[in-house]
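Inside the fold
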Amino acid sequence: MTKSAPLAARLAAVLRDAGVGEGEHLTEEWVAERLGVSRTPARRAMAALAERGVLVREANRGFFLRRSGAELTRIAGEDAGDAVEAAYLALARDHLGGAFGGEFTASDLERRYGLNPRQGQRLLSRMEGEGLVRRRPARGWVFEPVLTTAGAHDQSYRFRMIVEPAALLEPGFAVDAGELAAHRARQEALAAGGAGALTPAELFETNAAFHETLVGGSGNTFLLDAVRRQNRLRRLIEYRLQGDVARLVEQAREHLALLDLVERGRLAEAADFLRDHLDRVRRRKIDG
């Protein structure tokens, strides 16, 4: 599999290589751990395989494998997802650069990025699921507001420097130990150089989920909603900044140090560390 292989195809390869049998139950935790991502993209990958008949979703029970190893091999080897991933990143670049915006249709995407109708629909479904576009009431699609300038990106980080450390100091702050362990495993993989195996979108999802989990520990829905909104706004502009593996390794190491403080209950220190961490990341990305 290449770096740009879609998450669903990677999951198909994992299921094949792990020898998961037909009818076996898959949990979000297991899939997230094997793919090295958070639960949200793991759930999205399982839903994509369910749409293709590889998994079946049962109400109140979850996902189950329903296809053979041969079918998994075929999906794992498909390159259609590569075209969608390439178009996704090209569209992000074009939109940020002002070359593609306003109202558009699925046909516009297909013509511009050389996609067939099925690929075009997959691209739109992905972007809609990530809150990047919305369907027009009559016809076509339109982009949701996102950060497009360095100045706005800088302000976003400064806003997060106020909100995220404050979340750690909320009364009753607590995060499930299992969630912290899962994030630790993912950050350890990144610190060991595993960033090269993930797409820009997967890297963003992994690190955004890390910060959302910490803020969610506050129990304050207003703080969490604010951080989730910032993540939606900054998603596209962050994709352009994911190529420096050394910087990603350093960022992961700082996340691990932050986890150490949180797990030891040293929340005042953790809040200070998080504020400084966000400021360091801001300066690395904004000032270069």
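Treat the numbers as computed from the prediction; the structure is a model and nothing was measured. (Residues numbered from 1 in each chain as written. Predicted model: local features only at pLDDT ≥ 70, side-chain atom pairs only at ≥ 80, totals over all residues. Heavy atoms only, no water.)

1. What about empty space enclosed by the protein?
One simple way to see leftover space: roll a probe sized like a water molecule over the atoms. If you walk through the whole model with that rule in mind, you get 2 cavities of 30 Å³ or more. In terms of lining, the largest cavity is formed by 15 residues, of which the most central are Y157, N207, R234, Q251 and K285. Looking at the lining of the largest cavity, its residues break down into 5 nonpolar, 6 polar and 4 charged. (1 Å grid on protein atoms, 1.4 Å probe; cavity = no way out; pocket = protein on both sides within 12 Å on 5 of 7 lines; lining within 4 Å. Points joined across faces, edges and corners; volume = space filled by probe spheres on them. Nonpolar A, V, L, I, M, F, W, Y, C, P; charged D, E, K, R; others polar.)

2. Notes on the sheet that holds strand β1 (residues 25-26)
Read from one edge to the other, the open sheet built from 3 strands follows the order β1-β3-β2, with strand pairing classed as antiparallel. Of all strands in the sheet, those bounded by a partner on one side alone are β1 and β2 (55-58). Looking at chain direction, β2 and strand β3 (residues 62-65) are connected through 4 bridges and run antiparallel. In the sheet register, L55 faces β3, and the bridge partner there is L65. (Pairing = 2+ DSSP bridges. Helix = DSSP H or I, 4+ residues; strand = E, 2+ residues; numbered from the N terminus.)

3. Some points on the side chain of N231
One can find N231 in helix α11 (residues 221-239). Contacts of N231, omitting those with residues within four sequence positions, involve F204, A208 and E212. (Contact = heavy atoms within 4.5 Å.)

4. A closer look at the sheet that holds strand β4 (residues 103-104)
The antiparallel open sheet is built from 3 strands, whose spatial order is β4-β6-β5. Across the chains shown, the open sheet's two edge strands, defined by having one partner strand only, are β4 and β5 (133-135). Here β4 runs beside strand β6 (residues 141-143); their pairing, made up of 2 bridges, is antiparallel. Among the inter-strand pairings, E103 is bridged to a residue of β6, identified as V142.

5. Considering the packing of aromatic side chains
In total, this model carries 6 aromatic pairs according to the counting rule given. With centroids separated by 6.2 Å and ring planes inclined at 85 degrees, the aromatic side chains of F204 and Y239 adopt a geometry described as edge-to-face. With a gap of 35 residues between them, F204 in helix α10 (residues 200-216) and Y239 in helix α11 connect regions that are remote in the sequence. Both residues of the pair, F204 and Y239, count as buried. Linked through ring pairs, F100, F104, Y113 and F143 together constitute an aromatic cluster. The cationic tip of R126 hangs over the ring face of Y88; the distance from NZ or CZ to the ring centre is 3.6 Å. (Phe/Tyr/Trp six-rings, centres within 6.5 Å; stacked < 30°, edge-to-face > 60°. Buried < 20%, exposed > 50% of the residue type's maximum accessible area, 1.4 Å probe, protein only. Lys NZ or Arg CZ within 6 Å of the ring centre and 35° of its normal.)

6. Quick look at the pairing of β3
One ladder, built from 2 bridges, connects β1 with β3; its direction is antiparallel. In the sheet register, H25 faces β3, and the bridge partner there is F64. Linking β2 to β3, which pair antiparallel, is a turn of 3 residues; within it N60 sits at a positive phi near 65 degrees.

7. Here's the deal with unusual backbone geometry
At N60, a position not held by glycine, the phi torsion is positive, near 65 degrees. Position of N60 relative to the elements: it lies in the loop between β2 and β3. By relative accessible area, N60 is classed as exposed at 85%.

8. Considerations on the packing of helix α8 (residues 150-168) against helix α13 (residues 267-286)
Helix-helix packing is characterised by the crossing angle of the two axes and by the distance between the axes. Interaxial distance between α8 and α13 falls to 8 Å at its minimum, and their mutual angle equals 170 degrees. With respect to each other, α8 and α13 are oriented roughly antiparallel. Contacts between α8 and α13 involve A150, H153, D154, Y157, R158, R160, M161, E164, P165 and L168 on the former and, on the latter, L267, A270, A271, L274, R275, L278, D279, V281, R282, K285 and I286. When the residues that make up the contact of α8 with α13 are grouped by side-chain class, the tally is 12 nonpolar, 1 polar and 8 charged. (Axes fitted to C-alpha atoms, helices over the stretch in contact; angles between N-to-C directions. Parallel < 35°, antiparallel > 145°, perpendicular 65-115°, else oblique.)

9. What to know about the pattern of salt bridges
Oppositely charged side chains can pair when the atoms bearing their charge come close. If you walk through the whole model with that rule in mind, you get 26 salt bridges. Note that R43 is salt-bridged to E28, the shortest N-O span being 3.0 Å. One end of the pair, R43, is in helix α3 (residues 39-51); the other, E28, is in helix α2 (residues 28-35), with 15 residues separating them in the sequence. Overall, E28 belongs to the partly exposed group, its relative accessible area being 22%. Linking E144 and R134 is a salt bridge whose minimum nitrogen-to-oxygen distance equals 3.5 Å. With E144 in the loop between β6 and α8 and R134 in strand β5, this pair connects stretches of sequence that are 10 residues apart. A cluster of three or more residues bridged by salt bridges with shared partners is formed by R44, E85, R126, E130, E205 and R235. (Salt bridge = Lys/Arg side-chain N within 4 Å of Asp/Glu carboxyl O.)

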